[in-house]
Amino acid sequence: MNKGRVIVITGPTASGKSALALELAAQRGLEIISADSRQVFTGIPIVTAMPTPEELASVKHHLIDMLPLDAYYSASRFEEDALRIAREQLEEKGEVIVCGGSMMYIDAFCNGIDDLPTVSDAIRTATYREFEEAGLEAALVTLREIDPEYYEIVDKKNFKRVIHAIEIMRASGVTYTSLRRGEKKKRDFEIDFRYIDLPRDVLFDRINRRVDKMVEAGLEEEAARVYPLRGLNSLNTVGLKEMFAWMDGEMDRTTAIERIKKNTRVYAKKQETWHKRRGRRG
């Protein structure tokens, strides 16, 4: 039985997702569940383009600004939290909005993800400490030894994904490949999927202007505040990585800002590719 409708709004960064979600929410008296893997953390509102105080006052948002920077959060936990909130809202209002550009979060909500074992804090801490000291190459060697099949398909530049696979295997005692079934889970509500698709030149211009506005809003000061914690995974994100590199003397300020724009454009193209592969454009 259909138990309501979830309006899922996604698309590449700076495409206008939040503006559309806010407009619909205001029109229909709905609440918004954020599907952004960085907005869950406190202390970095500028780099994550968190809703403004005025926007938060006009429309209630869920799953933002709620965890300390050293906390662990995952797509699996997001699926659990977002489904719980969505069903509460559907029971009350019949509709709710999910909005964000974190691809794994959107996919987890719409289709579910594999049920993986819970990783203990001890395993997670030890695994991260081991490979933060040894580096990504060492982690890739370990992954290749214990799960060569997953090693062949993993994004080898994505430190978080590589480490996640290793810690899952250490917790379960079996390969990550054997746990990845990729079976789509049925939802007991309608999903109205809306992907914002902009011409590439328009999108890139919006990205460049957004970065300029972030700098004007105090991105440098925000980065300086969290610089002592720069090793945390929550801060391993475009906008902060480049600011940290500038603060470390690896590049000048102008280069850092231009690098943020470039890396954001690259990320936007990855978001587009993700949705093309899943047939969810438009």
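Attention here is on the structure that accompanies the text. None of these values were measured; they are calculated from a predicted model.

**Side note on the side chain of Glu220**
Then step 1. One can find Glu220 in helix α11 (residues 219-226).
Then step 2. Of the polar contacts made by the side chain of Glu220, one reaches the side chain of Arg253; its length is 2.6 Å.

**Considering the pattern of salt bridges**
Then step 1. The final tally for this structure, using the stated rule, is 17 salt bridges.
Then step 2. Residue Arg209 is joined to Asp205 by a salt bridge in which the shortest nitrogen-to-oxygen separation is 2.9 Å. Separated by 4 residues within a single helix, Arg209 and Asp205 lie in helix α10 (residues 200-217), roughly one turn from each other.
Then step 3. Judged by relative accessible area, which is 39%, Asp205 ranks as partly exposed.
Then step 4. Two residues, Asp212 and Lys261, come together in a salt bridge whose shortest N-O distance is 2.9 Å. Taken together, the positions of Asp212 in helix α10 and Lys261 in helix α13 (residues 253-277) put the pair 49 residues apart, joining distant regions of the chain.
Then step 5. A relative accessible area of 8% means that Lys261 is categorised as buried.
Then step 6. One salt-bridge network, held together by shared partners, links Arg5, Arg28, Glu95, Asp192 and Arg194.

Calculation rules
- Residues numbered from 1 in each chain as written.
- Predicted model: local features only at pLDDT ≥ 70, side-chain atom pairs only at ≥ 80, totals over all residues.
- Heavy atoms only, no water.
- Helix = DSSP H or I, 4+ residues; strand = E, 2+ residues; numbered from the N terminus.
- Polar contact = N/O pair within 3.5 Å; in protein donor to acceptor, adjacent residues only side chain to side chain.
- Salt bridge = Lys/Arg side-chain N within 4 Å of Asp/Glu carboxyl O.
- Buried < 20%, exposed > 50% of the residue type's maximum accessible area, 1.4 Å probe, protein only.

Read these as spatial facts, not as claims about activity.
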